[in-house]
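Okay, here's what each chain looks like letter by letter:
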Amino acid sequence: MTSFQELGLSDGALGAVKRLGYENPTPVQEQAIPAVLQGRDVIAAASTGTGKTAAFLLPTVSSLKRLRRGPRAPRILVVTPTRELAEQISFVSYKVAKACGQYTTVLYGGKPYGPQIRELRAGTDVLIATPGRLCDLIQRGVVNLGSIEVLVLDEADRMLDMGFLPDVRRIVDLVPEERQTLLFSATIDKSVRNNLAGLLQDPEVIQIAQRGETSKIVDQYLLPVAQSEKPELLKCLLDEKGHDKVIVFARTKMRAEGVAKMLKDAGYKVECIHSDRTQGQRRNALNSFRKGKADVIVATDVLARGIDIPSVDYVVNYDLPDMAEDYIHRIGRTGRAGQEGFAVSFVSGNSLKALKAIEGLLGKEIPVMRLESYDLDMSILGTTSRKGKPKQKKGASKGKKQPAKYNYEGWADLRNGKGKKKASKDGAEKGSGKKPKDGMRPGRKSSGKATKSQESSRDKKARGQASGRTRSMKRPKRSGSSPQGTRRPGMKSSGLRGRR
Ligand code: AMP
């Protein structure tokens, strides 16, 4: 393996590597750094968490001529799609630039213009910006891109997905043609090739991860579950698999808020992040999670790309994403920088199509995870043939009690006869251990194991669905861990809102 010293970086950059705590270059760094130092344009397809940021910052800042302090236009421009990414890149850039005697400025929306303008006027070397705010400031005449020597387009595929192509084109038009261009992206698809690849000259192509290829150390599992039972399953999962550093992805902002509230009510330390939260709230939530003050962070896809949170134990897809590619980004939040991790996806009847698309992209079937404390309804997947991956052999876990860390008072009553939690040793939930087929839809085959009474409740359920009624509508209202609570419109915020 090549060492950082052998890659040709300046002493300043090597000092930054030390300060960042990196021992050896990651594959994308090993390949990109020499090419960038040679002045080549680079297209790098590397999945998130592979060390892309240092791969473009170390060599570019390393070879930037040191100027005397004073007003000057930026010479390196990094354009990245989201505020979080801009902040994250700036965090690495401050360290690298400082070690190399350069200055960094970061520009993104949701922040007052004044300080950003003052910083620009004072002079900077490395400019990191989101397209929207950058174009705003260009319009106000405070950004001069005429001295840019290196243009970095980070998360290029995401920028296109988010409709930033016109902004990116405008920015590129203002950057000198004589420049080095580096394009980094988790996936280099047709849209990236058609719209952006033409901006590069004879680029060195670095392919670390193929489209659909996921980090090898992220084990992936499914948990089939009826929509209405997701809250209960999530709590069982966190209880059984641990909840030290878990990211839970929900499909919408409203659902994310609901899940966060439900977990909070159940006693977990939870943060929530989505695009309706202010930049300050998002940063506080991420910091609290990073520092371990929160066990779980519930997020929409705003967190899925590129956000760096080291040592995430596992990722839960409470809802599957609408776009299969987002699945790859979501699960990339765990198993980062050589660590192990796993991802669990809740699959209900209405997400089977999304599951098919994801498995098509991965080119493999995702196995079912077996839980000790929860009986799964395999019929939701329309099959009983999927192989689960039990941690222990059937029966081995019998009688093993989960640590009663949280107050689940009242759960047993609520589950009795309806819920999915497995029967405890003392038989307190006898009769409720076998899962009634609540997820059963009309016309679906059962596993054939349901009792008569269960069958009749299933029939009732099927009739309820056929008449447009949902199970949650029939359920009594409960306090605390109410699954309905996750979906109540106009629900109160979890209290984080308004915190600046
Ligand atoms: P990135 O892909 O740039 O978001 O980086 C993902 C994570 O990998 C961050 O936590 C980095 O600090 C870490 N990282 C980057 N390069 C290295 C390296 N050479 N050795 C160890 N960790 C690294």
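Trainee: Kindly report on the pattern of salt bridges, identifying the contributing residues and their values.
Mentor: Taken as a whole and judged by the stated rule, the model has 10 salt bridges. Taking the shortest distance from any N to any O, the salt bridge between glutamate 84 and arginine 282 comes out at 2.7 Å. A residue pair is termed long-range when its members are at least 10 positions apart, and glutamate 84 in helix α4 (residues 83-99) and arginine 282 in helix α12 (residues 279-290) qualify at 198 residues. Each member of the pair glutamate 84 and arginine 282 is classed as buried. A salt bridge links lysine 230 to aspartate 319; the nearest nitrogen and oxygen atoms lie 2.9 Å apart. Of this pair, lysine 230 sits in helix α10 (residues 230-241) while aspartate 319 sits in the loop between β12 (314-317) and α13 (324-331); the two residues are 89 residues apart in sequence, bridging distant segments of the chain. Judged by its relative accessible area of 2%, lysine 230 is buried.

Trainee: How would you explain helix α2 (residues 27-37) if you had to name every residue and give the values?
Mentor: For an α-helix the count is 3.6 residues per turn, leaving residues at separations of three or four pointing the same way. All of the buried residues in α2 are Val28, Gln29, Ala32, Ile33, Ala35 and Val36. Contacts from the buried residues of α2 go to β1 (42-45), α3 (52-62), β6 (180-185) and β7 (204-207). One or two residues past the end of α2 sits glycine 39, with phi positive at roughly 90°.

Trainee: Which residues make up the environment of valine 92, and what values do they have?
Mentor: Within the secondary structure, valine 92 sits in helix α4. Note on valine 92: relative accessible area 9%, which makes it buried. Sequence separation between valine 92 and leucine 20 is 72 residues, and the spatial gap between their C-alpha atoms is 7.9 Å. Apart from residues no more than four positions distant in its own chain, valine 92 is found in contact with Leu20, Thr53 and Leu57.

Trainee: Go over the pairing of β12 with me, naming the residues and quoting the values.
Mentor: The side-chain alternation of β12 yields two buried faces, one formed by Tyr314 and Val316 and the other by Val315 and Asn317. One ladder, built from four bridges, connects strand β9 (residues 246-249) with β12; its direction is parallel. Paired with valine 248 across the strands is valine 316, a residue of β12. The pairing of β12 with strand β13 (residues 341-347) spans four bridges and is parallel. Note that in β13 the partner of asparagine 317 across the bridge is serine 345.

Trainee: Could you give me a rundown of the sheet that holds strand β4 (residues 126-129), with the residues and numbers involved?
Mentor: Pairing is parallel in the open sheet, where seven strands are placed in the order β3-β4-β2-β5-β6-β1-β7. Every other strand in the sheet has two partners, leaving β3 (104-107) and β7 as the edge strands with one partner each. Along the sheet, successive strands turn relative to each other by an average axial angle of 10°, direction set aside. By the bridge criterion, four bridges tie β1 to β6 in an arrangement that is parallel. Bridging across to β6, valine 42 finds its partner in leucine 182.

Trainee: How would you explain the packing of helix α1 (residues 11-20) against α4 if you had to name every residue and give the values?
Mentor: As a packed pair, α1 and α4 sit with axes 7 Å apart at the nearest point and diverge in direction by 140°. Between α1 and α4, the interaxial angle falls into the category oblique. Regarding α1 and α4, the two cross each other, and that crossing is right-handed. Along its contact with α1, which presents Gly12, Ala16, Arg19 and Leu20, the element α4 presents Val92, Lys95, Val96, Lys98 and Ala99. For the contact of α1 with α4, the residue count by class is five nonpolar, one polar and three charged.

Trainee: Any chance you could break down helix α11 (residues 253-265) for me, citing the residues and the numbers?
Mentor: Over its 13 residues, α11 extends 18 Å from the first C-alpha to the last, a length consistent with the 18 Å expected when each residue adds 1.5 Å. Every buried residue belonging to α11 is among Arg255, Ala256, Glu257, Gly258, Val259, Ala260, Met262 and Leu263, and all of these are buried. Those residues of α11 that are buried are in contact with α10, β9, β10 (270-273) and β11 (296-299). Looking one or two residues beyond α11, the residue adopting positive phi is glycine 267, at roughly 105°.

Trainee: I'd like to hear about the packing of helix α5 (residues 113-122) against helix α6 (residues 131-139), residue by residue, with values.
Mentor: A packed helix pair is summarised by two numbers, namely the angle formed by the two axes and the spacing between the axes. Orientation of α5 relative to α6, taken along the N-to-C sense of each, is 70°, at an axis distance of 12 Å. The pairing of α5 with α6 is recorded here as roughly perpendicular in orientation. In this structure, the crossing between α5 and α6 has a hand that is right-handed. Contact residues: α5 offers Tyr113, Gln116, Ile117 and Leu120, while α6 offers Arg133, Asp136 and Leu137. The residue makeup of the contact of α5 with α6, split by class, is four nonpolar, one polar and two charged.

Trainee: Mind laying out the side chain of serine 345, listing which residues take part and the relevant values?
Mentor: Mapped onto the elements, serine 345 comes out in strand β13. For serine 345, a relative accessible area of 1% translates into the label buried. With sequence-adjacent residues up to four places away left out, serine 345 is seen in contact with Tyr221, Leu222, Leu223, Asn317, Leu320 and Tyr327.

Trainee: Tell me about the packing of aromatic side chains, and name the residues and values.
Mentor: The final tally for this structure, using the stated rule, is four aromatic pairs. Ring centres of tyrosine 318 and phenylalanine 346 lie 5.7 Å apart, and the angle between their planes is 40°; on these two criteria the pair is classed as tilted. Linking tyrosine 318 in the loop between β12 and α13 with phenylalanine 346 in strand β13, this pair joins segments that are 28 residues apart in sequence. Residue class for phenylalanine 346 comes out buried when judged on its relative accessible area of 0%. The structure contains a cluster of three or more aromatic residues connected by ring pairs, namely Tyr221, Tyr314 and Phe342. Across from the ring centre of tyrosine 113, 3.8 Å away, lies the NZ or CZ of arginine 133, which sits over that ring. Above the ring of tyrosine 113, the side-chain terminus of arginine 140 is found at 3.7 Å from the ring centroid.

Basis of the calculations
Residues numbered from 1 in each chain as written. Predicted model: local features only at pLDDT ≥ 70, side-chain atom pairs only at ≥ 80, totals over all residues. Heavy atoms only, no water. Salt bridge = Lys/Arg side-chain N within 4 Å of Asp/Glu carboxyl O. Helix = DSSP H or I, 4+ residues; strand = E, 2+ residues; numbered from the N terminus. Buried < 20%, exposed > 50% of the residue type's maximum accessible area, 1.4 Å probe, protein only. Contact = heavy atoms within 4.5 Å. Pairing = 2+ DSSP bridges. Axes fitted to C-alpha atoms, helices over the stretch in contact; angles between N-to-C directions. Parallel < 35°, antiparallel > 145°, perpendicular 65-115°, else oblique. Left-handed = near helix turned anticlockwise from the far one by under 90°. Nonpolar A, V, L, I, M, F, W, Y, C, P; charged D, E, K, R; others polar. Expected span 1.5 Å × (residues − 1). Phe/Tyr/Trp six-rings, centres within 6.5 Å; stacked < 30°, edge-to-face > 60°. Lys NZ or Arg CZ within 6 Å of the ring centre and 35° of its normal.

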